[in-house]
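Fold and geometry: a report
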Amino acid sequence: MKARQAYPVVLFIFFTTSLVESLVVSHLNAFLPVYLHQDLSVSQKNVPIFLALSTAIEFVLGLPLVPFWGVWADKFSRKWVIARSAYVGALVFFMIGASHSVVMFVISLLFVGFQLGNTGVMLSSIRDVAPAKRTGFAIAIFGLASPLGFALGPLMGSFLVEHTGLGLHGLFLLDGVLSAGSGVLVSVLFREVRPAAPPEGRTLDLALRAVRRVFTSPRIGKLFLIFGLVILGRQMVSPFIPLLVIHLHPLSYGQLSAIGLVTGTSALAGAAISPLAGILGDRIGFRRVLFVSVIVMAASFFAMAIAPSVLALAGLSLLFSAANSINFAMIFSMLATTLRDDERTPALNLVYVPLYISGIIGPIIAGGFARVDFPLVFIAAGVMALIGAWVVYQTRARTAVTTL
């Protein structure tokens, strides 16, 4: 039996994979309004509804497959389930980069559903190879990759498009190359990590069993509910922040740089503050930090509705991004520290189910508000975040009776 890889090596491979995935996705999220209007000839009036539908489509096909990726990974190969995500991501971005019509673009997005489901598998693998005293540290470092990618992506992408003549089509093709490269990295360097007791039985039965175990557990259910409410507000707002930048900066020259400033710089600040929030959470409690961060997120949404300038929006986006990073860190920490061993692995494999559900519902709700009055998107998201904060508070109030 081969010795397992040193956990820093596994952490490096997965950190790089997650960083690349977040970086290329951030290009699509940040520049999609410009791409739809300038490259695919969608009218400005119809851009909001296309934004909403495009974001929702990414998750529609992926949601039913979520329970299966974890089962397939544990039953057959974690390595190839993770690599599969990167290779499908490459296909998606090659198709987007080659798209010259809305129909081709929509077809490209349908394949995103086959790309999802890798994060929980990477988390499970990290947990299996990291020493017990280093598990929290390893997961925290891995968690930095995503916000860092979302921070660097818009800044690097706007520079490449505006100063090299690459264009958005070329940028998305480059993203396909990067995604393929991360797939090769996993395929070549990652040594398979098998669970101590691989699941046996029919795949469908195993997937349904994992879903039942997660969604019938009161402890997991409460955490997933909080996660879903918090993410719903984010998913309502995130696709429309670049569009708000365009409203505040109507001149086409420097538009991508303005989007990069608002979405990239703020995400970088969010990535930097996340570890500090983790230290604070260890000292005063994860729920307390989570409650405050959700309130800050709600306040940033309300203020975005009346932002007078791109600079003001950048400052508010910084608050939002910091709160969002803290929310993820606190919820993942609660999952990692409060669940039993038999609950933790299925919960980690299904941890993004609330994200996928919110990714379908949130943009559609926001698109409806945008057609009535654009600022209503941010007001509605703020209300949703406040509901999430109330659920966190109610959960805290009951911890004296039941331990979450």
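Quick summary incoming for the structure in this document. Owing to the predicted nature of the structure, the values given are computational and were not obtained by experimental measurement. (Residues numbered from 1 in each chain as written. Predicted model: local features only at pLDDT ≥ 70, side-chain atom pairs only at ≥ 80, totals over all residues. Heavy atoms only, no water.)

1. Comments concerning the overall build of the protein chain
Along the protein chain, the regular secondary structure elements total 17 helices and zero strands. Computed over C-alpha atoms, the radius of gyration of the protein chain comes to 20 Å, within 12% of the 22 Å expected from 2.2 N^0.38 for 404 residues, which places it in the range of a compact globule. Over its C-alpha atoms, taken along the principal directions, the protein chain stretches across nearly 60 × 50 × 35 Å. When burial is assessed residue by residue, the protein chain has 55% of its 404 residues classed as buried. Here the analysis covers contacts within the protein chain between residues at least 6 apart in sequence; of these, 84% occur between residues at least 24 apart. (Helix = DSSP H or I, 4+ residues; strand = E, 2+ residues; numbered from the N terminus. Rg over C-alpha atoms; globule rule 2.2 N^0.38 Å. Buried < 20%, exposed > 50% of the residue type's maximum accessible area, 1.4 Å probe, protein only. Contact = heavy atoms within 4.5 Å.)

2. Quick word on unusual backbone geometry
Phi is positive for Ser41, close to 60°, though the residue is something other than glycine. Its place among the elements puts Ser41 in the loop between helix 1 (7-39) and helix 2 (47-60). On the basis of relative accessible area, Ser41 is assigned to the exposed category, the value being 64%.

3. Re empty space enclosed by the protein
Rolled over the atoms, a probe with the dimensions of a water molecule shows which regions are left empty. Counted according to the given criterion, the structure contains three cavities of 30 Å³ or more. In this structure, the largest cavity is lined by Thr17, Glu21, Val24, Ser85, Ala86, Gly89, Gln115, Asn118, Ser179 and Ser182. When contributions to the lining of the largest cavity are tallied by element, the ones reaching two or more residues are helix 1, helix 4 (78-98) and helix 8 (167-189). Grouping the amino acids of the lining of the largest cavity by side-chain chemistry returns two nonpolar, seven polar and one charged. (1 Å grid on protein atoms, 1.4 Å probe; cavity = no way out; pocket = protein on both sides within 12 Å on 5 of 7 lines; lining within 4 Å. Points joined across faces, edges and corners; volume = space filled by probe spheres on them. Nonpolar A, V, L, I, M, F, W, Y, C, P; charged D, E, K, R; others polar.)

4. Let's talk about helix 11 (residues 241-248)
Counting buried positions along helix 11 gives six out of eight residues, so the element sits mostly inside the fold. Ile241, Pro242, Leu243, Leu244, Val245 and Ile246 are the residues of helix 11 that are buried.

5. Remarks on the environment of Val230
As for its placement among the helices and strands, Val230 is situated in helix 10 (residues 218-237). Judged by relative accessible area, which is 2%, Val230 ranks as buried. In sequence terms Val230 and Ile387 are 157 residues apart; their C-alpha atoms lie 8.5 Å from each other.

6. Examining the packing of aromatic side chains
Centre-to-centre distance and the angle between the planes together describe a pair of aromatic rings. This model, assessed by the stated rule, comprises eleven aromatic pairs. Each ring, one from Trp69 and one from Trp72, has its centre 5.1 Å from the other, and the planes form 70°; the classification is edge-to-face. Of this pair, Trp69 and Trp72 are both found in helix 3 (residues 62-75), three residues apart, which corresponds to roughly one turn of the helix. Site record: aromatic cluster; members linked through ring pairs are Tyr35, Phe93, Phe105 and Phe172. (Phe/Tyr/Trp six-rings, centres within 6.5 Å; stacked < 30°, edge-to-face > 60°.)

7. Section: the environment of His37
Of note, His37 is situated in helix 1. Remark: the alpha-carbon pair of His37 and Val47, spanning ten residues in sequence, is separated by 7.0 Å. Polar side-chain contacts of His37 include one of 2.9 Å to the backbone oxygen of Val42. (Polar contact = N/O pair within 3.5 Å; in protein donor to acceptor, adjacent residues only side chain to side chain.)

8. Observations concerning the nonpolar core
Core analysis: the largest hydrophobic core is formed by 96 residues, its most contacted members being Phe105, Phe240, Met304 and Phe378. Those residues in contact with Phe105 that lie beyond four places of it in its chain are Leu28, Leu32, Tyr35, Leu36, Leu40, Ser54, Ile96 and Ser99. One finds Val121, Leu123, Ile126 and Val186 within the second-largest nonpolar core, a separate group that totals 24 residues. (Core = buried A, V, L, I, M, F, W, Y, C linked by side-chain atoms within 4.5 Å.)

9. Let's talk about the packing of helix 1 against helix 2
Running from amino to carboxyl end, helix 1 crosses helix 2 at an angle of 135°, the nearest separation of the two axes being 10 Å. As summarised for this structure, helix 1 and helix 2 are arranged oblique, according to the angle between their axes. Between helix 1 and helix 2 lies a crossing of right-handed hand. Between helix 1 and helix 2, the residues in contact are Leu28, Leu32, Pro33, Leu36 and His37 and Val47, Phe50, Leu51, Ser54 and Glu58, respectively. Of the residues contributing to the contact of helix 1 with helix 2, the split by class is seven nonpolar, two polar and one charged. (Axes fitted to C-alpha atoms, helices over the stretch in contact; angles between N-to-C directions. Parallel < 35°, antiparallel > 145°, perpendicular 65-115°, else oblique. Left-handed = near helix turned anticlockwise from the far one by under 90°.)

10. Brief notes about a nonpolar patch on the surface
A cluster of nonpolar residues, Val60, Leu61, Val103, Ile107, Leu110 and Phe114, forms a patch on the protein surface that exposes about 490 Å² of accessible area. Per-element tally for the nonpolar patch: the top contributor is helix 5 (residues 102-110), with three residues. Within the secondary structure, Leu61 is located in the loop between helix 2 and helix 3. With relative accessibility at 37%, the residue Leu61 sits in the partly exposed group. (Patch = residues over 30% accessible without salt bridge, like charges linked within 9 Å, V, L, I, M, F, W, Y side chains within 5 Å. Areas by Shrake-Rupley, 256 points an atom, 1.4 Å probe, with all protein chains shown as cover. Salt bridge = Lys/Arg side-chain N within 4 Å of Asp/Glu carboxyl O.)

11. Re helix 2
Under the 1.5 Å per step criterion, the end-to-end length of helix 2 is 20 Å for 14 residues, consistent within 8% with the ideal 20 Å. Every buried residue belonging to helix 2 is among Val47, Pro48, Leu51, Ala52, Ser54, Thr55, Ala56, Glu58 and Phe59, and all of these are buried. Along its buried surface, helix 2 packs onto helix 1, helix 3, helix 5, helix 10, helix 11 and helix 16 (353-372). (Expected span 1.5 Å × (residues − 1).)

12. Thoughts on the side chain of Ser293
The topology assignment puts Ser293 in helix 13 (residues 286-304). Judged by relative accessible area, which is 4%, Ser293 ranks as buried. Setting aside residues no more than four positions away along its own chain, Ser293 makes contact with Ala323, Ile326 and Asn327.

13. Some details on the pattern of salt bridges
Where charged atoms of side chains with opposite charge meet at close range, the side chains can pair. Taken as a whole and judged by the stated rule, the model has three salt bridges. Here Asp74 ties to Arg78 by a salt bridge, and the two come within 3.0 Å at their closest N and O atoms. Each member of the pair, Asp74 together with Arg78, is buried. The residue Asp205 makes a salt bridge to Arg202 at a minimum N-O spacing of 3.4 Å. Classification of Asp205 by relative accessible area gives partly exposed; the value is 33%. Connected through shared salt-bridge partners, Asp74, Arg78 and Asp128 make up one network.

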